[in-house]
Amino acid sequence: MSLLTQRIVVFALGVILLAGGILRGDVLELWRRATQLCLGCIGIG
Amino acid sequence: MAKDTEKPKIPFKQRLPLQQKQRKWFQGLFVLGTNSYLAGFFKGTIYQGPLKNACLPGLNCYSCPGSLGSCPLGALQGSISNPNQQISFYVLGFLTLVGGLVGRAVCGWACPFGLVQDWLHKIPTPKWKPEHKELLHKLLLQLKYLLLLLFVVLLPFLPTVTGQYGDVYFCKYICPSGTLFAGIPLLSVNDQLRPLAGWLFSWKGLLLFIFLSLSVQISRPFCRYVCPLGAIYGFFNRISLYRVRVDHAACTSCGNCTRQCPMAVTVPLDPNSAECIRCGECAAVCPTHAIKVGFGPLKEVEMKHVDQSGETGFGQ
């Protein structure tokens, strides 16, 4: 597979995943998670 | 430990070419800009505004008091470990697009923990190059892939098979960036959190100390051997738009680039190796300007100087 083809596949996949995720509500889920303090991340668990 | 006496001497005027200056400014400003919720550092809280919808490209803990965005690795583990949620397509798409655009340039240009390691490595002490111990170096290079598979995917996922919540294992047990940028600032200011710190905080503090100490002597040890986010972006290095190009006709096989590379890449042989962080150090020391780093048309030619024995003339 040529470099150009690989790039087209990767960018198409990226756009599809990103758009699919946005439509599915992943962004809201990410916001919910990221606005809570992650106790494990800071070493409390 | 071998003293680093082989580094090429760079004439003063060439010490910081434009691209290097740009990178240092970009690194600093990007990290400051994306962690600019200053109130969090004083109150011991985290930013909860709408910008947290977006991922930041680097290993930037979303529990850092100043962080305006989300860490893609933490977000990925979070979605994998939740039995009521499918893996986040949004985060996967983000990683794919960023990887396709710039590959591991994220590590070299936009990661806060990469910046800290760069600074620490400037401390003038004898340096150690693990790549001189080839077997050890090659084995350690695989560690980040193992950690990606085990701590980012399998361990968070397995409990969800039985409907239980998994954990963000990499963030919780390994990530030194979270300890440095989130744990220490929050526990320093927040009186309610401080009494809760126990063995886990001590463990993560010990890991942070080890990585920071190693960074003084070894260039970017965490990026080289441990970071699963670097492993993910590394998959895209060979096809990314932002890349290293070597003009083999102009290359004199002096080996300066390979000796200068902070990630121990043999630049003329494998300029877009999964380890390359696109820092441009190789281009800065090339006496014939045969190496270019950036966007642009692909002008790579297969390496011509490899003989049957594999001797390349680009010794490390």
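The model shown is predicted, which means the values in this text are computed figures rather than measured ones.

What counts, and at which threshold
Counting of residues starts from 1 at the beginning of each chain's written sequence and follows it residue by residue. Ligands are numbered from 1 and chains lettered from A, in the order in which they are written. Per-residue local features are limited, in this predicted model, to residues with pLDDT of at least 70; the limit for side-chain atom pairs, both in listing and counting, is 80 or more; totals at the level of whole chains, interfaces and linings are taken over all residues. Derived side-chain values reflect all non-hydrogen atoms in the structure, with water molecules and hydrogen atoms excluded from consideration. Labels follow the DSSP assignment, with helices taken as runs of H or I lasting at least four residues and strands as runs of E lasting at least two, numbered in each case from the N terminus. Exposure is judged per residue with a 1.4 Å probe applied to protein chains only, and the accessible area is read against the type maximum: over 50% gives exposed, under 20% gives buried, and values in between give partly exposed. In this description, accessible areas are obtained by the Shrake-Rupley approach with a 1.4 Å probe, and a residue is regarded as covered only by the protein chains that are shown. The contact criterion used throughout is that any non-hydrogen atoms of two residues lie within 4.5 Å. By convention in these notes, a salt bridge is any Lys or Arg side-chain nitrogen within 4 Å of a carboxyl oxygen on Asp or Glu. In this scheme Phe, Tyr and Trp rings, the latter by its six-membered ring, pair at centre separations within 6.5 Å, and the angle between planes marks the pair as stacked below 30 degrees, edge-to-face above 60, and tilted otherwise. By the criterion adopted, a ring carries a charge over it if an Arg CZ or a Lys NZ lies within 6 Å of its centre and within 35 degrees of its normal. In this document the domain limits rely on a domain assignment from an automatic tool or a database. Simply put, the buried area is the total loss of 1.4 Å probe accessible area from both parts when two parts are fitted together. What is meant by a nonpolar core is a set of buried Ala, Val, Leu, Ile, Met, Phe, Trp, Tyr and Cys residues, joined one to another through side-chain atoms within 4.5 Å. Each residue after the first adds 1.5 Å to the expected span of a helix. Pairing between strands is defined by DSSP: at least two bridges between the two strands are required. Counting rule for disulfides: a pair of cysteine sulfur atoms within 2.5 Å.

To continue, consider the overall build of chain A. From N to C terminus, chain A includes two helices and zero strands. Taken along its principal axes, the extent of the C-alpha atoms in chain A is 50 × 25 × 10 Å. A buried classification covers 38% of the 45 residues belonging to chain A. Counting every atom, chain A has about 2500 Å² of accessible surface; 74% of that belongs to carbon and sulfur.

The subject of this paragraph is the overall build of chain B. If you tally the helices and strands in chain B, you get 15 helices and two strands. Here chain B holds 316 residues, and 56% of them are scored as buried. Long-range contacts, defined as pairs at least 24 residues apart, comprise 76% of the intrachain contacts of chain B with a sequence gap of at least 6. Working note: accessible area of chain B is about 14400 Å², and carbon and sulfur atoms make up 66% of it.

Within this structure, the stated rule accounts for 13 salt bridges over all chains. The partner of Asp26 of chain A in a salt bridge is Arg24 of chain A, and the shortest N-O contact between them spans 3.0 Å. Judged by relative accessible area, which is 4%, Asp26 of chain A ranks as buried. As a salt-bridge pair, Arg224 of chain B and Glu131 of chain B come within 2.9 Å of each other at their nearest N and O atoms. Here Glu131 of chain B lies in the loop between helix H6 (112-121) and helix H7 (134-141) and Arg224 of chain B lies in helix H12 (residues 221-225), a separation of 93 residues in the sequence.

Before going further, it helps to spend a moment on the packing of aromatic side chains. The full count for this structure, using the stated rule, is nine aromatic pairs over all chains. Summarising the aromatic geometry, the rings of Phe26 of chain B and Trp109 of chain B are spaced 5.8 Å apart at their centres and angled 70° between planes, so their arrangement reads as edge-to-face. Residue Phe26 of chain B is found in helix H1 (residues 18-34), and its partner Trp109 of chain B is found in helix H5 (residues 105-109); the two are separated by 83 residues along the sequence. Taking the relative accessible area as the measure of exposure, Trp109 of chain B reaches 13% and is therefore buried. Grouping aromatic residues by their ring pairs yields a cluster made of Phe26, Phe30, Trp109, Tyr242 and Phe295 of chain B. Lying over the aromatic face of Phe89 of chain B, Arg24 of chain A brings its terminal NZ or CZ to 4.1 Å of the ring centre.

It is common to give the size of an interface as the accessible area that goes away when the parts come together. Residues and elements named next belong to chain B. Domain annotation for chain B reports domain 1 (25-234) and domain 2 (243-295). Taken together, the contact between domain 1 and domain 2 spans 18 residues of the former and 11 residues of the latter. Of the roughly 1100 Å² buried between domain 1 and domain 2, counting both surfaces, carbon and sulfur atoms make up 53%. Where domain 1 touches domain 2, the interface holds two salt bridges.

What follows concerns the nonpolar core. Residues and elements named next belong to chain B. Membership of the largest hydrophobic core comes to 58 residues, with the highest contact counts inside it found for Leu59, Leu73, Leu95, Phe170, Phe222 and Val226. The residues contacting Val226, other than those within four sequence positions of it, are Leu143, Lys144, Leu147, Phe170, Ile174, Phe211 and Pro221. If you look at the next biggest cluster of nonpolar residues, it comprises 22 residues, including Ala105, Cys223, Cys286 and Ile291.

Residue and element names in this part refer to chain B. End to end, helix H8 (residues 143-161) covers 26 Å across 19 residues, agreeing with the expected 27 Å (1.5 Å per residue, within 8%). Where H8 is buried, its residues touch helix H3 (72-80), H7, helix H9 (169-173), H12 and helix H13 (228-234). The positive-phi residue at the C-terminal boundary of H8 is Gly163, with phi of around 80°.

Once that is clear, we can look at H6 of chain B. Residue and element names in this part refer to chain B. Within H6, eight of the 10 residues are buried, which leaves the element mostly enclosed by the surrounding structure. Among the residues of H6, those classed as buried are Pro112, Phe113, Gly114, Leu115, Val116, Gln117, Asp118 and His121. On its buried face, H6 sits against H1, H5, helix H10 (176-189), helix H11 (199-217) and H12.

So, on to the environment of Tyr233 of chain B. All names here are of chain B. Among the secondary structure elements, Tyr233 is positioned in helix H13. Its relative accessible area of 0% is what places Tyr233 among the buried residues. Between the C-alpha atom of Tyr233 and that of Gly66, which follows or precedes it by 167 residues, the distance is 25 Å.

Residue and element names in this part refer to chain B. Where burial is concerned, the two faces of strand E1 (residues 243-246) agree: the one with Arg243 and Arg245 and the one with Val244 and Val246 are both buried. Sheet analysis places E1 next to strand E2 (residues 291-294), joined by four bridges and oriented antiparallel. Directly across from Val246, in E2, lies its bridge partner Ile291.

A full pass over the atoms with the stated rule returns one disulfide over all chains. Put simply, Cys38 of chain A and Cys41 of chain A are joined by a disulfide, and their sulfur atoms are 2.1 Å apart. Linking Cys38 of chain A and Cys41 of chain A, the disulfide has an S-S dihedral of approximately 75° and is accordingly described as right-handed. Given the relative accessible area of 11%, Cys38 of chain A is considered buried. Just so you know, Cys171 of chain B is unpaired, no disulfide at all, and the nearest cysteine sulfur is the one on Cys41 of chain A, 4.2 Å from it. For Cys171 of chain B, a relative accessible area of 8% corresponds to the buried category. Cys175 of chain B takes part in no disulfide bond, and the closest cysteine sulfur, belonging to Cys171 of chain B, lies 5.9 Å away.

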